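# Coordinate inspection notes
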Amino acid sequence: MKTALIAGSSGLIGQHLLKELLASEQYAKVISLVRREQDLNHPKLEQRIIDFENLSATDLKADHVFCTLGTTIKKAGSKEAFRKVDEEYPLSLATQAQKQGAQLFAIVTAMGSNPDSFFFYNQVKGELEQALKKLNYTHLGVFKPSMLMGDREESRLGESVGQAVMSAVQFLLPANTKPIEGKKVAKAMIQYAKSPKTGLSEILSGEMQ
């Protein structure tokens with residue numbers, strides 16, 4: 001049995017993914033990297049308080065690493081702070097975990113990720129994907145969901161309005177652009193890790209539905 005490590009377990013996808021990891025027979029131990037401990041107890045769970053600015057000094061030994069880190073420019077406070085959370089931290093995690101023996105890295109990016117995108121959010125996600133590919137992980141799973149549905153810890157008014165609109169018209173949309181629940185993305189990540197192909201796997205939103 002393997003050890004799984006997750007970063008971002010308090011987020012919309014991460015909270016579902018943590019539950020899936022703890023329930024999976026594939027993992028004997030699940031390490032959750034947190035800034036502060038969550039009110040959650042499980043015999044397989046180890047919550048490890050860490051400093052994302054100093055991951056090189058952190059014990060990240062695990063077979064499979066899952067990253068659902070993410071924020072918004074509004075919450076981060078600036079584009080620079082957003083880039084740190086959504087690009088620098090995930091890349092540092094992938095790099096340091098690989099050095100410590102990780103064979104699989106699974107991460108959530110975005111449907112429109114593209115380093116040349118006009119939109120800053122998609123540009124950052126695209127740059128992250130390019131950097132991750134250069135690490136040559138044995139198994140790299142990049143998950144690209146469309147608009148996410150579900151309850152978040154923090155309220156995002158614009159996103160809530162968007163969810164309502166998209167839900168109303170989703171029957172008209174192609175599979176890859178239909179809104180998707182966070183728990184479906186989490187289940188897709190677990191399914192991928194059960195039998196990952198060698199090299200890069202890009203999983204689009206329609207495949208996760």
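The structure contained in this document is the topic of the report that follows. (Residues numbered from 1 in each chain as written. Predicted model: local features only at pLDDT ≥ 70, side-chain atom pairs only at ≥ 80, totals over all residues. Heavy atoms only, no water.)

What follows deals with the packing of aromatic side chains. Within the structure shown, the criterion is met by 7 aromatic pairs. Judged by centre distance (5.6 Å) and plane angle (40 degrees), the ring pair of Phe105 and Tyr137 falls under tilted. Of this pair, Phe105 sits in strand 5 (residues 104–108) while Tyr137 sits in the loop between helix 4 (120–133) and strand 6 (139–144), placing them 32 residues apart in sequence. Pair check on accessibility: Phe105 and Tyr137 agree, each one buried. Each ring, one from Phe143 and one from Tyr192, has its centre 5.7 Å from the other, and the planes form 80 degrees; the classification is edge-to-face. You can see Phe143 sitting in strand 6 and its partner Tyr192 sitting in helix 6 (residues 182–194), a full 49 residues away along the chain. Of the two residues examined, Phe143 and Tyr192, each falls in the buried class. Sitting over the face of the ring of Phe120, Lys79 holds its NZ or CZ atom 5.0 Å from the ring centroid. (Phe/Tyr/Trp six-rings, centres within 6.5 Å; stacked < 30°, edge-to-face > 60°. Helix = DSSP H or I, 4+ residues; strand = E, 2+ residues; numbered from the N terminus. Buried < 20%, exposed > 50% of the residue type's maximum accessible area, 1.4 Å probe, protein only. Lys NZ or Arg CZ within 6 Å of the ring centre and 35° of its normal.)

Contact geometry for helix 3 (residues 79–99) and helix 4: axes closest at 10 Å, N-to-C directions at 20 degrees. When the interaxial angle is binned, helix 3 and helix 4 end up roughly parallel. For the crossing formed where helix 3 meets helix 4, the hand is right-handed. Contacts between helix 3 and helix 4 involve Lys79, Phe82, Arg83, Asp86, Glu87, Pro90, Leu91 and Ala94 on the former and, on the latter, Phe120, Tyr121, Gln123, Val124, Lys125, Glu127, Leu128, Ala131 and Leu132. (Axes fitted to C-alpha atoms, helices over the stretch in contact; angles between N-to-C directions. Parallel < 35°, antiparallel > 145°, perpendicular 65-115°, else oblique. Left-handed = near helix turned anticlockwise from the far one by under 90°. Contact = heavy atoms within 4.5 Å.)

These values are about where atoms sit, not about what they do.
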